[in-house]
Structures are given as C-alpha cells and as structure tokens.
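Commentary on secondary and tertiary structure
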Amino acid sequence: MVGFQHYLALSGILFGLGFYTALSKRNAIVVLMGIEVMFNAVNVAVVAIAKYLLPFSLAGSVASGGEPAYQFLLTGQVFAIFVIAVAAAEVALGLGIVLAIYRARETVDVSQFTLMKE
Amino acid sequence: MIPESAAWVVLGLPLASFLLIALVIRPFFNRYARWAGYVSIAAIAGSFILSLWSLSSTTGLYKALGWPSHSWVKAGPLDFQVGILMDGLTAIMMVVVSGVSLLIQIYSQGYMHGDRGYARYFAYMSLFTASMLGLVMSSNILMMYMFWELVGLCSYLLIGFWFHRPAAAAAAKKAFVVTRLGDFGFLLAILYLFSHQGLFAEKGLNSLLISDILAAAQGGLLGATAVTWLGIGIFAGAAGKSAQFPLHVWLPDAMEGPTPVSALIHAATMVAAGVFLVARMFPLFEETSAVLKLVALVGGGTAVMAATMGMVMFDIKRVIAYSTISQLGYMMLAIGVGAPVVAIFHLFNHAFFKALLFLGAGSVNHATGTFDMRYMGGLRRSMPLTYLTFLLAALSLAGIFPLSGFWSKDEVLAVALGRGGVVGTLVFVLAVAGVFMTAFYIFRALFMTFEGNFRGGVAAEQAGHPLLQAEVLSPQPASHPPGSASSSAERHVHLAESPLVMVLPMVVLAGLGVVSGFIANSPVALRNVPGHWVSRLLSPSFALAEIEKVPFNWPVALGSTALALAGIGLAYLMYGVRRLEPQRVVRRVGPVYRTIYHKYYIDDLYEGVVIRNLLYRGVCGVLDWFDRAVVDGIAEVVGWFGRNVGKAIARLQTGQVQAYGIGMSAGVAAIVLAYLLWGGG
C-alpha cells in the first residue's frame, strides 16, 4: 500500500536529484531542468500533505464526529497549480536569459558566467 | 490700584512693538522706516505711563501687591509658574527702565537718522526694553533667567549693530561670552534650587518662586553652606552683567554700538540687571555674611580700579564707560555693606545722569564725527545746550550739592562708614578715593571736550595728525587750524547744536538728574513727598526689619564734597587752564600711568595668557593631541580592520551562481541540523 511516507520519500529523492543537477551541471539548460524537477518535488509533497494532514484549526470538527472536512480542502492542490504556473513563467524567463547570454557569449556554460562578481 | 492685567500690558507693549516692527514694518514697509521709531516710542510711552501707575499703587501700600503666579508648565514634580512680583523695587525699576528708554528712543530718532538699519534698530530697542521690564517684573527665578538671557542677547545684537565693522562684531561677541561666564554661576544656582524642589515641596513652597526662595533662605530651610554657594553663584551672574571685576572687560568695548545703545545699556538695562538681581535676592545674601563681604570688596575694588582707568582714556565714551563700571561698583558696595535701598537709590539717580552723559557724548559725536577727545575742544560755544546738560550731569556724577549724585553717593559713603569693621573701613576708604577720581576724570573729559580751541574733529583724526598715545595735547594742531578742515571731512565736522529731537531728551534728563536725588530721598519731608520716600518704598522689598533711613552725615558730606571739588580743581589746572602740563605729570608717574593706560594688562592677561596659552595651547593642545592620537587612532584601527576583513571576504565572491547555491544550501542545512539537534523543545 502506498502511504504518506512514500510520497514524501519520492518528493525528497526528486528534490535531491533536482538540487544536485542545478548545482553541479555546467549547461544552463540542464540547470533549469534541475530547478523544474525541484519544483515538481515540492508539488508532490504539497499535494500529499494536503491529502493526509489535517489543518490544526479543523481538528475539532473531526473529533466531534462530523463529516471529515479535510476531504473538501484543496489548499495543497491549489498551491501545486500556482507552483506550476510560476514554474512555467520562470522557465520562460530563464530560457530568455540563457538565450540572451548565449547570443553575447556564444556559450551556455554557467561556470563561464561570473557577472555577479563584477 | 493697578490691576494685574495692566502690569502685563507694560511688558506686552514693547514686545508687540518689536513684533510689529520686525515682522511687518521692516520686511514690507522699510520705505516707511520712520514709523518704526514712532511705533516703538508710542509703545514705550504706554509702558511708562502704566509703570507710573504701578509706582503710585505700590507707594500707597508700601508692600508687595501679592498677585498669584500662574502655572505655565506642569510636569511631574516641576511646577513652573510665571507671574509678576509687584513691589516697590519692581515699580521703581519699571519707571526707570521705561522712562530712560523712552527718552533715549526719542533721541535715537535724531541720532540714527538716515541709518540703513533704522527699523532694525528700533526693533532691537523695543525688545531690549521689553526684556528688561520682564526681568524686573518676574516673580519666578527661571522666568527672570529667561529675560536675563534675552537682555544679554539684545545687548549682543545692539553692540554689534554695525556688524560690518570688525571691531563692533568682536565687541558684541566679547560682551556675550564674558557675561555668559557669569551667567553660568547664576544658572548653577537655579539648577541647585531646581534639584532641591522636594525639600521645598515638603513645606508647600515652590523652589523657583523668588518669594519662596527668600522665605526658605530666611527660615533656615536651606543650610548655611547651600546659601553661601547660592549667593556666590547669583553674584557671579550679577558681576558678569554689571561688569564687576574680574568680568568688567566687556563693557568698555561695548562702546562700538550706537551711542544711544550705550546710554540704554549703561543707564537702565543691561548693567542695572546685575545690581537689581543682587538687590532682589538680598534677603538670601543677608543670611551669609561672607558673600556680602565679597560683594562689598568686589564693588569697592571695582569702583576704584575703573575710576583710575577712566582718568587716562581719550575716548569720551570709554571714560564714561569706566565711570559706569565704577558707579556700579558703588552700588555693589552699598549692597555689600547691607544697604540695598541706598544701592537702588544710587541706581535710580545714576540712570538719569549716566544716560545724559552718553547722550551728550553722542551729541558731541554728531557734531565732530569723532569720539577722541584729543580732537575735540572748544565745543562750549557751538553747542551751548549740550555743554550745559553735560555740565549738570558731570556735577551730579561728581557728587556736588544739591544735584542727585550728591545725595546717593553720600548715602553710600555713610553706610560704608557706619558698617565699621575691617571690611567696612576698607571699602569706605576705597569709596572715598573713588570720589576724588570720579570728579577728576569726568571734569577732565568736560574740559578736553568743551574748553580750549577746537582741534579738528574727525578731519584731523583721519589725516593721522600725530597726536601720540601718551598725554600729548598741543592746544592747536598746526596743520589743521579750526575751520580749515579738508573738504572730504566737511560732511562729518559740522560744529552746531544737535537737532531739537536730540537736545530735548537731554534737557529732560538734566532736569531729572538735578532734582531726582533730593526729592526722591530727601532727609526731610517736603510738601508732597514724605522724607526718605525711596527708603519707605523699598525697605519692604528687602524684608528689612525697619525702614532704612540713612541720616544725613555732615562730616562725610562736607569731606566728600571737598574731595570732589579738589578733583575738579586738579582737572581744571591740568586741562582747563593748563597750569600743570599733563605730559609732565604723566612722565613723573610713568610706570603707573602705563599700567593704568593698558587697563592693568587685564585684557592682555585674558587674551594672551588665559586664552592663547592656557586655552589654546593648554586645554586645546591636549584635546588636539587626544583627537589625533586616540580618536583618530581608534578610527584608523576600525578602518584598517574593516578594509582587511573585507578583502578577505571578497575572495569568497566568485561570481559562480552555483557556488552561491552550495553556500546557501549548506547554511540552510546547518540551521536545520542545529534545529534537529538542539531546538524544537
């Protein structure tokens, strides 16, 4: 049976892979891909948490034997959609920057970019 | 009986005049600057009339009117009340201040005619008068201090009225700084009282109200030591304002201001404030005989020292200035021997004849363009009214019967003699010596200015005629015979009587100077004025057990008159008929003359030794070293540290975004780890 822990573990592994990719790869496109993976790792975690955990403020209504309110809570899912939207925008921006740099420098190797030092 | 609101109007009128002139007339209607004079005169005339009403009210009662003070600031235990302490002392000072000020402002219309700062001048004069009126009316020592500083400010503004002249700017600054030294003592005394308000509050008193302070001092609420230090602090402030030794150096330099300003400063406002303050606080001083002795000795010493300096000056205004210092010394001396009534009586008379002397000097300056008596002479014929009024003032100052100076000066001598003891005898001798010198220096000035032949005025002065520093007085400069002044100076030398607007106040003052002494404090009852009227009026202000009536002392009166006549005679021999050649006398007493001529080297001492060596090289030298070595050193070390640490850290900035990412994640990891290990309790 797949449970809460499995989702979290998947999220953690994905995040770690994305993190490693973002920090270690030389190619700027790949770095952006790593960042996308991290976003999606977060999405998995957010949706899982929304599914399995009860907000503290609603704990009372469950204890009194009423309808489980959390089934109707879609906070995590909404967050995930927001993250996807933001990620899309961010990738568009990131690719734009990469393209601009490529035009100027004819390379996408991030180790060659030391603009923040200047 | 005068209502309290009317008394506030006395203060408000000149203040309103100041605001009107400063905020409306000067900025917007400067073309009609003449109106500034009219406004100012009208306001002060109103004050004068109301002051007379105050005087008649207090005369009827012979005690304070007992108006309550009004709370202005209440903060915690502090209750700062403002009010008017209306008693004989206040009323008589109000009349002197507003009366003399009124006459001087009328005179100023002529003297300042055509000056570019005409409106500004009257604005300052109004504020000056308002400040002095506020000072004498204050019922609260802090309120008094506010006006006290305002008086100082106004004198600064007026001494430096012609601020484009470096000498005037320097004199104004000197007056401000030197009086500030004394004010510091006064401020300390106020702070002491302020810090002990709990002590006062236990007895239901207010530690800042003058009447409560005096009551506390007399009731033994304050310890003997505290009263002594309070007395010394207050006297320090008074000595600064009243130009007593060793803070007298500012007053002679204050001559750089317009002459009517000098008249006001010397007669009714600035310098009278010091004497008034000591008189006002007299019951406190009475509790501490040591301070009273100090007051008497400082007064006596100053009286003689200033008189000697007055004997050798050539600038007519400086002669009169030293005369003021000397006369203020007499007043302090009188307070010191326990006779504040006599001191205020002398202040009252002095105000009239000293204002007159200055107005006379201004009138002479109007005609000759100079203040240097070596370039005057013979003015008696061209300026008869100025001569006559100056003569009356000089006789009064010298103390010749029956002019006002005679009555008050003899009372000073009589109380000094009556005081007895070592101090009393000493100050009596000093005062008697001063009588002779006073008569000599004022008649020296009179003869040099009005007798003999005219010596060229400002024309000769500008031509640099070789009249040396010493007593060189050729009767007539050969190259500048009278009447042939060079055309460039004709504008300045205009040997004629001053305009009526200037002469009229002088005549009024001369009249007052003649009669004020005898009528105000006559030894016998006159038809409408009871005998010893001033004594009756003032004695309650000083909490004296009985009315202080100084009996007419025949030996003192005859002796002092003889001495004064001897002084006049000597001046006549030296400068009138020139039997004694001044040059030869000077040569005979060379070193003494030089010492006095250089003002006892006190200015040199202050400027050379105290300021240049002690202050600049000593204190400032140490501070300079401290600044360079310690303060700059610390700054250098901090700078070095920052620069080098910065250099070291800058190496971490590679510009590699991924390296930054690793650093940030390491930081986050460290925080999370620390939280898991130690936090989260």
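Residues numbered from 1 in each chain as written. Chains lettered and ligands numbered in written order. Predicted model: local features only at pLDDT ≥ 70, side-chain atom pairs only at ≥ 80, totals over all residues.

With that settled, the discussion passes to the overall build of chain A. When helices and strands are tallied, chain A shows four helices and zero strands. Helices and strands appear in chain A in the N-to-C order α-α-α-α. The buried share of chain A, reckoned over its 118 residues, is 10%. Expressed as a percentage of contacts within chain A between residues at least 6 apart in sequence, the contacts between residues at least 24 apart total 61%. (Helix = DSSP H or I, 4+ residues; strand = E, 2+ residues; numbered from the N terminus. Buried ≥ 20, exposed ≤ 12 C-beta atoms within 10 Å, placed from the backbone. Contact = placed C-beta atoms within 7 Å.)

Take the overall build of chain B next. Helix and strand content of chain B: 28 helices and two strands. C-alpha atoms of chain B, sized along the principal axes, occupy 110 × 65 × 55 Å. Residue burial in chain B is summarised as follows: out of 681 residues, 51% are buried. Nonlocal contacts in chain B, meaning residues at least 24 apart in sequence, comprise 78% of its contacts between residues at least 6 apart.

Quick look at helix α28 (residues 657-678) of chain B now. Taking 1.5 Å of rise per residue, the 22 residues of α28 of chain B would be expected to cover 32 Å, and the 32 Å separating its terminal C-alpha atoms lies within 8% of that figure. With zero of 22 residues buried, α28 of chain B lies mostly on the surface of the structure. (Expected span 1.5 Å × (residues − 1).)

For interface size, the figure often reported is the accessible area lost on association. Taken together, the contact pairs eight residues of chain A with eight residues of chain B. Taken together, the residues of the side of chain A that touches chain B break down into five nonpolar, two polar and one charged. (Nonpolar A, V, L, I, M, F, W, Y, C, P; charged D, E, K, R; others polar.)

The next subject is the confidence of the model for chain A. In this model, chain A carries an average pLDDT of 85, and 86% of its residues clear a pLDDT of 70 or more. The least confident element of chain A is helix α3 (residues 59-63) of chain A, whose mean pLDDT is 63; the most confident is helix α1 (residues 4-24) of chain A, at 92. (pLDDT = per-residue confidence, 0-100.)

All names here are of chain B. Little of strand β1 (residues 70-75) sits inside the fold, with zero of its six residues counted as buried. Of the strand pairs in this sheet, β1 and strand β2 (residues 78-82) are connected by five bridges, and their pairing is antiparallel. Pairing of V73 across the sheet is with F80, part of β2. Turn length for the β1-β2 hairpin, with the two strands adjacent in sequence and antiparallel, is two residues, and the turn residue G76 shows positive phi of about 60 degrees. (Pairing = 2+ DSSP bridges.)

Tracing the sequence through the fold places V42 of chain A in helix α2 (residues 28-52). Sequence spacing of V42 of chain A and A80 of chain A is 38 residues, and the spatial spacing of their C-alpha atoms is 8.1 Å.

What follows concerns helix α1 (residues 4-28) of chain B. All names here are of chain B. The end-to-end C-alpha distance of α1 is 35 Å, a good match for the 36 Å that 25 residues give at a rise of 1.5 Å each. At I21, α1 shows its maximal kink, close to 35 degrees. Residues of α1 that are buried include every one of A7, V10, L11, L13, P14, S17, F18, I21 and I25, and no others. On its buried face, α1 is in contact with α2 (34-61), α3 (88-111) and α4 (118-137). (Bend = angle between axes of the 7 residues up to and from the residue.)

This next bit is on the packing of helix α12 (residues 270-280) of chain B against helix α15 (residues 316-336) of chain B. Residues and elements named next belong to chain B. It is the contact of α12 with α15, at a shortest axis distance of 10 Å, that shows an interaxial angle of 5 degrees. Here α15 runs roughly parallel to α12, going by the angle between their axes. Here V271, V275, V278 and A279 of α12 lie close against α15, whose contacting residues are T324, L328, M331, M332 and I335. Taken together, the residues of the contact of α12 with α15 sort by class into eight nonpolar, one polar and no charged. (Axes fitted to C-alpha atoms, helices over the stretch in contact; angles between N-to-C directions. Parallel < 35°, antiparallel > 145°, perpendicular 65-115°, else oblique.)

Quick look at the nonpolar core now. If you look at the biggest cluster of nonpolar residues, it comprises 220 residues, and the most contacted ones within it are V275, V278, V295, L333, A334, A355 and A431 of chain B. Take this core: its biggest share by element is 18 residues, from helix α16 (residues 340-368) of chain B. What A431 of chain B contacts, discounting residues up to four positions off in sequence, is G300, A303, Y330, L333, V412, L413 and A416 of chain B. Counting eight residues, the second-largest nonpolar core is a separate cluster that includes A28, L32, A41 and V110 of chain A. (Core = buried A, V, L, I, M, F, W, Y, C linked by C-beta atoms within 7 Å.)

So, on to unusual backbone geometry. Residues F245 of chain B and P246 of chain B are joined by a peptide bond in cis, for which omega reads 5 degrees. Examined against the element boundaries, P246 of chain B turns out to sit in the loop between α9 (224-241) and α10 (250-253). Even without being a glycine, E106 of chain A presents a positive backbone phi close to 55 degrees. With respect to the helices and strands, E106 of chain A occurs in the segment after α4 (75-105). We classify E106 of chain A as exposed; it has 8 C-beta atoms within 10 Å. For A243 of chain B, which is not glycine, the phi dihedral falls at a positive 55 degrees.

Take the packing of helix α11 (residues 259-267) of chain B against α16 of chain B next. All names here are of chain B. It is the contact of α11 with α16, at a shortest axis distance of 8 Å, that shows an interaxial angle of 165 degrees. Comparing the axis directions of α11 and α16 gives the class roughly antiparallel. Relative to α16, the crossing made by α11 is right-handed. Taking contact as the criterion, the partners of T259, P260, S262, A263, H266 and A267 in α11 are, on α16, A351, K354, A355, F358, L359, A361, G362 and N365. Of the residues contributing to the contact of α11 with α16, the split by class is eight nonpolar, five polar and one charged. (Left-handed = near helix turned anticlockwise from the far one by under 90°.)

All names here are of chain B. Here chain B averages 82 in pLDDT, while 94% of its residues score no lower than 70. Per-element confidence in chain B is highest for α4, whose mean pLDDT is 91, and lowest for helix α21 (residues 457-462), whose mean pLDDT is 70. Throughout residues 467-491 the model reports pLDDT below 50, and contacts reaching past four residues in sequence, or to other chains, amount to 36 contacts. This prediction of the complex comes with two scores: 0.74 for pTM and 0.77 for ipTM.

All names here are of chain B. Tracing the backbone shows S57 in helix α2. Linking S57 and I2, residues 55 residues apart in sequence, is a C-alpha distance of 6.2 Å. Beyond its immediate sequence surroundings of up to four residues, S57 is in contact with M1, I2 and L65.

Further remarks concern the environment of N365 of chain B. Residue and element names in this part refer to chain B. Residue position: N365 is located in helix α16. On the basis of neighbour count, N365 is assigned to the buried category, with 21 C-beta atoms found within 10 Å. Sequence-wise, N365 and I2 are 363 residues apart; in three dimensions their C-alpha atoms are separated by 42 Å. Apart from the residues lying within four places of it in its own chain, the contact partners of N365 are T259, T370 and F371.

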